Amino acid sequence: MSAPITEPGTVAGTEPGADPASPLPRAAGLALDLTGRTALVTGAAGGIGRACALRLAAAGARVRAVDRAAEGLETLAEEARGLPGGLDARLLDLTDLDAAEAAAAGTDILVNNAGIQLVRPIEEFPPDVFHTVLTVMLEAPFRLIRGALPHMYGQGWGRIVNLSSVHGLRASAFKSAYVAAKHGLEGLSKTAALEGAPHGVTSNCVNPGYVRTPLVEKQIADQAAAHGIPEERVLAEVLLKDSALKRLIEPEEVAEAVLYLCSPQASFITGTSLTLDGGWTAH
Ligand code: NAD
């Protein structure tokens with residue numbers, strides 16, 4: 001049964017003051033609005049991070065965009081000009097863990113997005129690269145969360161979104177460091193959810209399949225070599241082999257899911273992993 005309409009555009013029970021205990025905005029069905037919030041997005045110079053930074057700023061958040069890539073940050077700052085929330089771009093290399101933790105202080109929303117990938121069999125995987133992948137994709141998110149929580153706890157509200165992957169839930173051959181880091185991130189995210197719940201802080205993962213970004217484009221040659229097939233067969237036979245939907249997902253589609261998890265409307269969603277995988281994990 002649908003709720004009775006009391007006046008145009010107002011559903012009974014959602015008018016201002018209907019339920020002071022409700023964490024929802026005054027009228028349900030409104031746009032996702034982050035006006036007045038600050039949001040830190042890591043790895044914002046390209047790919048998914050760029051799309052998230054632009055989407056959050058468009059929704060009204062003041063975005064702190066950090067990356068180690070100066071050129072991409074400059075382009076992003078240009079693109080964000082005129083968006084309601086505004087955007088500050090800042091160089092930050094996440095392997096500097098103390099700087100990462102300090103950068104997260106005072107933010108209401110944290111999007112742990114930066115990532116790197118190397119495709120090699122374990123016996124050929126350089127140990128120093130394994131270490132760097134774990135530092136950027138697991139230890140830095142821990143330090144960023146650690147830096148963000150005091151402010152979030154102090155105000156009784158916060159949102160943490162961790163860019164995980166299908167590889168946080170499933171393994172693929174030749175991606176030992178990436179799969180290990182993403183599985184670790186899933187555990188970190190769930191722990192932050194449990195600890196943050198009494199303080200109004202949610203923590204969730206977003207788990208895309210293959211997204212049309214430089215990270216994936218760079219992988220195609222590596223995958224061809226590792227699997228011994230030509231590059232033009234990699235998309236269909238390797239990357240999208242287990243996906244029911246046979247296309248790459250766009251960064252902007254991932255950013256919509258991230259925005260939703262950052263919104264007031266998502267206050268009861270925590271400790272979960274939202275797959276955008278075209279049916280991959282339905283197998
Ligand atoms: P991308 O390579 O396009 O962008 C990653 C960004 O992280 C780059 O701008 C890079 O400069 C930055 N970065 C890397 N190391 C850094 C460091 N030490 N300090 C600061 N910044 C650093 O990658 P993407 O595809 O947009 O991936 C973003 C996130 O989404 C990653 O965590 C990735 O694992 C995840 N993801 C990507 C896909 C995909 O198919 N592209 C799928 C699932 C999950």
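Residues numbered from 1 in each chain as written. Predicted model: local features only at pLDDT ≥ 70, side-chain atom pairs only at ≥ 80, totals over all residues. Heavy atoms only, no water.

1. Considering the packing of helix α4 (residues 127-155) against helix α5 (residues 176-196)
Convention followed: Here the axes come from fitting lines to C-alpha atoms, over the contacting stretch only for helices, and the angles between their N-to-C directions go from 0 to 180 degrees. Numbering goes from the N terminus for both helices and strands, where a helix is a DSSP run of H or I of at least four residues and a strand is a run of E of at least two. Angle categories are assigned with fixed cut-offs, so that under 35 degrees is roughly parallel, over 145 is roughly antiparallel, 65 to 115 is roughly perpendicular, and the rest are oblique. With the far helix as reference, a near helix turned anticlockwise by less than a right angle produces a left-handed crossing, and one turned clockwise produces a right-handed crossing. In this description, contact between two residues means that some pair of their heavy atoms is separated by no more than 4.5 Å. The residue classification treats Ala, Val, Leu, Ile, Met, Phe, Trp, Tyr, Cys and Pro as nonpolar and Asp, Glu, Lys and Arg as charged. All others, Gly included, are polar.
Axis separation between α4 and α5 bottoms out at 8 Å; the angle between their running directions is 15 degrees. Between α4 and α5, the crossing angle belongs to the class labelled roughly parallel. α5 is crossed by α4, and the crossing has right-handed handedness. Facing Phe130, Val133, Leu134, Met137, Leu138, Pro141, Phe142, Ile145 and Tyr153 of α4, the residues of α5 in contact are Ser176, Ala177, Tyr178, Ala180, Ala181, Lys182, Gly184, Leu185, Leu188, Glu195 and Gly196. Taken together, the residues of the contact of α4 with α5 sort by class into 15 nonpolar, three polar and two charged.

2. Some words on the pattern of salt bridges
Counted only if it meets this: Salt bridges are counted wherever a side-chain nitrogen of Lys or Arg sits within 4 Å of a carboxyl oxygen of Asp or Glu. Working definition: with a 1.4 Å probe on protein chains only, accessible area under 20% of the residue-type maximum means buried, over 50% means exposed, and in between means partly exposed.
Tallied over the entire structure, the rule returns 13 salt bridges. A salt bridge links Arg143 to Asp98, with the nearest nitrogen and oxygen atoms 2.5 Å apart. Linking Arg143 in helix α4 with Asp98 in helix α3 (residues 97-103), this pair joins segments that are 45 residues apart in sequence. Residue classification places Arg143 among the buried positions, given a relative accessible area of 16%. In this structure, Lys241 and Asp242 form a salt bridge, with 3.5 Å as the shortest nitrogen-oxygen distance. Judged by relative accessible area, which is 51%, Lys241 ranks as exposed. Taking the relative accessible area as the measure of exposure, Asp242 reaches 28% and is therefore partly exposed. Among the charged side chains, a salt-bridge network with shared partners connects Asp98, Glu101, Arg143 and Arg146.

3. Topic: the sheet that holds strand β6 (residues 109-112)
This is how the line gets drawn: Pairing between strands is defined by DSSP: at least two bridges between them are needed.
With parallel pairing, the seven strands of this open sheet are ordered in space as β5-β4-β3-β6-β7-β8-β9. Strands with a single pairing partner mark the edges of an open sheet, and in this sheet they are β5 (87-91) and β9 (273-276). Between one strand axis and the next, the sheet turns by 15 degrees as a mean value, whatever way the strands run. Examined bridge by bridge, strand β3 (residues 38-42) and strand β4 (residues 62-67) share five bridges and lie parallel to one another. Looking across to β4, one finds that Leu40 is bridged to Arg64.

These figures capture arrangement, not role.
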